Amino acid sequence: MTGLTLDLLCMQMLTGIALGSIYALLALGLCLIFGMLTVVNFAHGAFFMVGAFLGVFFLGLTGNFWFSLLLVPLITGVMGLFTERFLVRPMYGRGIDYPLLLTFGLSYVLIELTRIIFGIEGMPSITPAGLTGSVNVGFGYFPKYRLFLILATAVIILCIWLFIQKTRYGLIIKAGSRDQEILKVLGVDIAKVWLIVFAVGTAIAGLSGILASPTRSVNPEMGIPILAESFVVTVVGGMGSPVGAVVAGLLVGIVYSMTSLFAPELAELSIFVLMAVVLIIRPQGLFGKAGLMG
Amino acid sequence: MKPSPSTLANITNALARHRVLSVAIALMILPFVMPYEALAINILVFGLFAMGFNLLFGYMGMLSFGHGAFLGMGGYLTGISMVHFSLPWGVAILIGVLGAALGGLVMGFLAIRTRGIYFSMVTLALGQIIYYIFYKAESLTGGENGLRGVKVEAFSVFGFTVDFLNPVTKYYFIFLFVLAAIWFISRILNSPLGAVMEAIRENEKRAAACGFNVARTKLLVFILSAGICGLAGSLRALHLSIVPIDSLHYLQSGQAVMMSILGGMGTFFGPFIGAAVMLYLEDVITSFTTHWMLVVGLIFMFFVLFFPQGIWGSILHKLPLSKNSK
Amino acid sequence: MSLLPHTTILEARNLTMYFGKFRALNDVSASFTAGSLTAIIGPNGAGKSTFFNLLSGAFPPSGGEIIFNGDNITGQQQYEFPRLGISKSFQITNVFKKLSVHENVRVAAQMEVSRFNFLKNAQSYPDPIAVAEELLRRVNLEKLRDRKAGDLAHGQQRALEIAMALACNPSLLLLDEPTAGMSPEETLVMMDLIRTLATERTVILVEHKMKLIMGLCQRIIVLHHGEFLAEGSPEEIQSNAEVRRVYLGQS
């Protein structure tokens, strides 16, 4: 295989990490919502898409990337607040499938609303000024934006980790949905916690969307495969494990990227095959606890 | 003059005791009730799809988001048999059904080690594997454009000429297969397996303590459900003469979910009613707006929130009924 | 079913159970004679439920073996136990709430019959139906046969559980606190039932209520902190100093 050098491999690896960073962030958002509410948000991909659209929109409007980066998760977070309060919470006690079904229906609504507001063609993605071009990373020239992506998601994940480990709220989240009764008895307003965690989850999804928008085409359907890919990461990492979400996210990104190098036709398939292998060998995922399923 | 609840209940009881016959009669007159035959055929095909799906979802309590893969497999395998291998439609249908059932065996085997919402996620992702495989195998499947040219030549049986170009003839041809499948489903539900299915859905641990191999039962029902959805796919291929790539996508699976909930999951008539209502509504609404996805999303959310038992389920709930009328 | 006297039907050898780092059961051994009625008692946290769950197949032990009629059945799955002839009832009533009383027992009785058969009509198998009717009569629930199991009174649900446990005609019956939550009248009825059952098959029960056990069982095993403490006849246990210390020291 001519042209296959160590440099090329490293470049592809770095691309994989950039892709994986998005996956890690997305899966983390899913994991938080699941860990606390035992709800799988089937609208996660749709919120990602909304984040991307809002990102491009505000960036085009204000020219200020940092402002957009702060505003977009705020908006999707507020959307999450309303979703939890009026759609998901009434489902509590009904059966675990219902919030899932509801958020699935919500994804349809979000996709079509986006088509109505922004048109069916989608929007051209904008790379923020200052982050365009490439930078020499030693083994080649790597897009500056993707480097930023890796660093930014690392910082965000670190912040989330610190939040969970070091704050009072974080402790409650760590205790998770398994000990709800105990938490209630201890005087914790569980309803408020759910509200906030769900909103944080959708905020993360929206944030992933705007962060990812310069690297892919922004159209109303972009969240559809993302949902499936988030599930792959979750299965590989282990349901309910934040560490698993991050590690598996990066792993999946790398697998995709490396497969694109050797067999581009099979890249999309490769990550699903990875998931199938994990299911056979270790159904609870790399970091999941057996018995946490269902 | 409104019929009293007890009259309605009596009617419903009678319908339930002869459920296959009731469905047969309703479906026989369907083409004359619907504005055009293609819609009626769609209702047949998707009604069967929803019923096959409902076997796993409504009766076993397992929410799969990968059943579109079986609809698609049935369609593609049937189509490929006819287009690339020139096999007769009878053999092609058989291949479609068995292929889908085999797919159900593989997917089921992998997915059954998980439960609850995890199961839903896993089946969605596994279904996407099948989607991508068929997408990439362009030479056989036509890739993004789908498989074209699935034609059934006119043939004679018992002196009757069955010409697929005649929509009414096509309808009744497909109707026969669908009716056979519905009868088969009814048999399953009435059999000892049906009782075990219900027990497992109610209380898995208890069922295991009674001596039932829960995992194997789940796998068996998964396979049966996949085969039935495969048949729906095969029939659809014959009807449309093409197999669209989207039939394998998880959004197609989502459609089965929506139809089941809309009509009433876990009931015999529910899925067909759900399919009929949804397809008819789609036909009406798409005639004056392109935003059908918004409408169906809202309707679905509305039902999940306020009428989770679906149309037929809510009707059953309101009437004083004898046990077994579903 | 005639049982030879003095045959060991069940043997637990060195059973140990860990839940993560917590050791719930430590090297417990016991033998059960065919046709006997044994009670397993101990203060809260003694490991009775864990021991019971191991014997009834809920999960495999971390260490040790279970021998049933001479065969090593350690690690066999839950659903295989009824086929071996071991049946159980749960501590928290665990019936099929949406099914009728009759259907509950019929499903349990179906185990012997083609459970994977999906072509024949369930009504065409007379045996499960007949067995179900007979069992309902035994526990005095035949009049409630069409009532939804979830609608029954607590005591009736527990009786239903016993009927279901009997459906596979087990030679060994494991009952986990069968009189839990019952009124005194219901408890007496259950005790009579258990006494009768003990004449036909081997019964092992986990119980809390001392008075019940003393009047009912031939043999008692006492567990404490996951370990074997004492065993013997009711009189022997009552006069056992260790047992008295453990129980009286509790309150």
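Residues numbered from 1 in each chain as written. Chains lettered and ligands numbered in written order. Predicted model: local features only at pLDDT ≥ 70, side-chain atom pairs only at ≥ 80, totals over all residues.

### Observations regarding the overall build of chain C
Here comes step 1: On a plain count of helices and strands, chain C comes out with 9 helices and 10 strands.
Here comes step 2: Computed over the C-alpha atoms, the radius of gyration of chain C is 18 Å, within 12% of the 18 Å expected from 2.2 N^0.38 for a compact globule of 251 residues.
Here comes step 3: If you line up chain C on its principal axes, its C-alpha atoms span 60 × 40 × 40 Å.
Here comes step 4: The buried share of chain C, reckoned over its 251 residues, is 44%.
Here comes step 5: Across chain C, contacts joining residues at least 24 apart in sequence account for 67% of those joining residues at least 6 apart. (Helix = DSSP H or I, 4+ residues; strand = E, 2+ residues; numbered from the N terminus. Rg over C-alpha atoms; globule rule 2.2 N^0.38 Å. Buried ≥ 20, exposed ≤ 12 C-beta atoms within 10 Å, placed from the backbone. Contact = placed C-beta atoms within 7 Å.)

### Quick notes on the overall build of chain B
Here comes step 1: Of the regular secondary structure elements, chain B holds 15 helices and 4 strands.
Here comes step 2: The globule rule puts the C-alpha radius of gyration for 326 residues at 20 Å, and the 19 Å found for chain B is close to it.
Here comes step 3: In terms of overall dimensions, chain B has a C-alpha envelope of 55 × 50 × 45 Å along the principal axes.
Here comes step 4: In chain B, buried positions account for 55% of the 326 residues.
Here comes step 5: Sequence-distant contacts in chain B: of pairs separated by 6 or more residues, those separated by 24 or more amount to 76%.

### A few points about the interface of chain A and chain B
Here comes step 1: Each partner contributes to the interface: chain A provides 34 residues, whereas chain B provides 35 residues.
Here comes step 2: At the level of secondary structure, the elements contributing two or more residues to the side of chain A that touches chain B comprise helix 4 (97-118), helix 9 (223-237) and helix 11 (267-281) of chain A.
Here comes step 3: Ranked by residue count, the leading element in the side of chain A that touches chain B is helix 4 of chain A, at 14 residues.
Here comes step 4: When grouped by side-chain class, the residues that make up the side of chain A that touches chain B number 27 nonpolar, 3 polar and 4 charged. (Nonpolar A, V, L, I, M, F, W, Y, C, P; charged D, E, K, R; others polar.)

### Quick look at the confidence of the model for chain B
Here comes step 1: Averaged over every residue, the pLDDT of chain B is 90; residues scoring 70 or more account for 96%.
Here comes step 2: Taken together, the stretch residues 322-326 of chain B has pLDDT below 50 and engages in 11 contacts with residues farther than four places along the chain or on a different chain. (pLDDT = per-residue confidence, 0-100.)

### Thoughts on the sheet that holds strand 6 (residues 86-89) of chain C
In sheet architecture, strand pairing relies on hydrogen bonds along the backbone and comes in two forms, parallel and antiparallel.
All names here are of chain C.
Here comes step 1: In space, the 6 strands of this open sheet follow the order 6-7-8-3-9-10, with mixed pairing throughout. The outermost strands of the open sheet, each flanked by one partner alone, are strand 6 and strand 10 (227-232). On average, each strand axis in the sheet is inclined to that of its neighbour by 20 degrees, with strand direction left out of account.
Here comes step 2: Where strand 3 (residues 37-41) and strand 9 (residues 219-224) come together, 4 bridges link them in parallel fashion. In the sheet register, Ile41 faces strand 9, and the bridge partner there is Val222. (Pairing = 2+ DSSP bridges. Axes fitted to C-alpha atoms, helices over the stretch in contact; angles between N-to-C directions.)

### Quick word on the arrangement of the chains
Here comes step 1: Most contacts, when the 2 pairs of chains in contact are compared, are made between chains A and B.
Here comes step 2: Looking at chain A next to chain C, you find no contact at all, with the nearest C-alpha pair sitting 11 Å apart.

### Some words on unusual backbone geometry
Here comes step 1: One non-glycine residue, Ser241(B), adopts positive backbone phi at about 65 degrees.
Here comes step 2: Its location among the elements puts Ser241(B) in the loop between helix 11 (214-240) and strand 4 (242-243).
Here comes step 3: Its identity as a non-glycine residue notwithstanding, Asn140(C) has a phi of 60 degrees, on the positive side.
Here comes step 4: Considering the arrangement of structural elements, one finds Asn140(C) in the loop between helix 4 (126-138) and helix 5 (154-166).

### What about helix 8 (residues 190-212) of chain A?
Here comes step 1: For helix 8 of chain A, built from 23 residues, the straight-helix expectation of 33 Å at 1.5 Å per residue is met to within 8% by its first-to-last C-alpha distance of 33 Å.
Here comes step 2: When you tally the buried positions in helix 8 of chain A, you get 18 out of 23 residues, the bulk of the element. (Expected span 1.5 Å × (residues − 1).)

### Thoughts on the sheet that holds strand 1 (residues 8-19) of chain C
Residues and elements named next belong to chain C.
Here comes step 1: Pairing is antiparallel in the open sheet, where 4 strands are placed in the order 2-1-4-5. With one partner strand each, in any of the chains shown, strand 2 (22-33) and strand 5 (71-72) form the two edges of the open sheet.
Here comes step 2: Note that strand 1 and strand 4 (residues 63-68) share 5 bridges and pair antiparallel. When the bridges of strand 4 are listed, Leu10 appears paired with Phe68.
Here comes step 3: Seen against the sheet, helix 1 (residues 48-56) touches strand 1, strand 2 and strand 4 and runs at an angle of roughly 125 degrees to strand 1.

### Some remarks on the packing of helix 13 (residues 270-285) of chain B against helix 15 (residues 310-318) of chain B
All names here are of chain B.
Here comes step 1: Between helix 13 and helix 15, the least distance of the axes is 7 Å, while the angle of their chain directions is 130 degrees. In terms of axis orientation, helix 13 runs oblique to helix 15. On helix 15, the residues that touch Gly270, Ile273, Gly274 and Val277 of helix 13 are Gly310, Ile311, Trp312 and Gly313.
Here comes step 2: Residues of the contact of helix 13 with helix 15, tallied by class, amount to 4 nonpolar, 4 polar and no charged. (Parallel < 35°, antiparallel > 145°, perpendicular 65-115°, else oblique.)

### Some details on the packing of helix 3 (residues 101-109) of chain C against helix 5 of chain C
Residue and element names in this part refer to chain C.
Here comes step 1: One can describe the packing of helix 3 onto helix 5 by two numbers: an axis separation of 8 Å at closest approach and a directional angle of 25 degrees. Relative to helix 5, the element helix 3 lies roughly parallel. Crossing geometry of helix 3 relative to helix 5 is assigned as right-handed. In this structure, helix 3 contributes Val101, Asn104, Val105 and Ala108 to the contact, and helix 5 contributes Leu160, Ala163 and Met164.
Here comes step 2: The residue makeup of the contact of helix 3 with helix 5, split by class, is 6 nonpolar, 1 polar and no charged. (Left-handed = near helix turned anticlockwise from the far one by under 90°.)

### So, the pairing of strand 1 of chain C
Residues and elements named next belong to chain C.
Here comes step 1: Two elements, strand 1 and strand 2, share 8 bridges in a ladder whose sense is antiparallel. Counted as the bridge partner of Leu10 is Phe32 from strand 2.
Here comes step 2: The turn joining strand 1 and strand 2, which pair antiparallel and follow one another in sequence, is formed by 2 residues; a positive phi near 65 degrees is taken by Gly20.

### Looking at the nonpolar core
Here comes step 1: Core analysis: the largest hydrophobic core is formed by 272 residues, its most contacted members being Val232(A), Val252(A), Ala125(B) and Ala163(C).
Here comes step 2: With near-sequence residues (within four places) excluded, Ala125(B) lies in contact with Ala228(A), Phe231(A), Val232(A), Val235(A), Phe272(A) and Met275(A). (Core = buried A, V, L, I, M, F, W, Y, C linked by C-beta atoms within 7 Å.)

### Concerning the pairing of strand 10 of chain C
Residue and element names in this part refer to chain C.
Here comes step 1: Summarising the sheet, strand 9 and strand 10 pair through 5 bridges and their orientation is antiparallel. Within strand 10, the position partnered with Ile220 by the bridge is Gly232.
Here comes step 2: Turn length for the strand 9-strand 10 hairpin, with the two strands adjacent in sequence and antiparallel, is 2 residues, and the turn residue His225 shows positive phi of about 50 degrees.

### Looking at the environment of Phe82(A)
Here comes step 1: Along the chain, the position of Phe82(A) falls in helix 3 (residues 65-88).
Here comes step 2: Sequence separation between Phe82(A) and Ala199(A) is 117 residues, and the spatial gap between their C-alpha atoms is 8.5 Å.

### Looking at the environment of Ile220(C)
Residues and elements named next belong to chain C.
Here comes step 1: Its place among the elements puts Ile220 in strand 9.
Here comes step 2: You can call Ile220 buried: it has 25 C-beta atoms within 10 Å.
Here comes step 3: For the pair formed by Ile220 and Val139, sequence separation is 81 residues and the distance between their alpha carbons is 26 Å.
Here comes step 4: Aside from chain neighbours lying at most four places away, what touches Ile220 is Ala39, Ile41, Ile213, Glu231, Gly232, Pro234 and Ile237.

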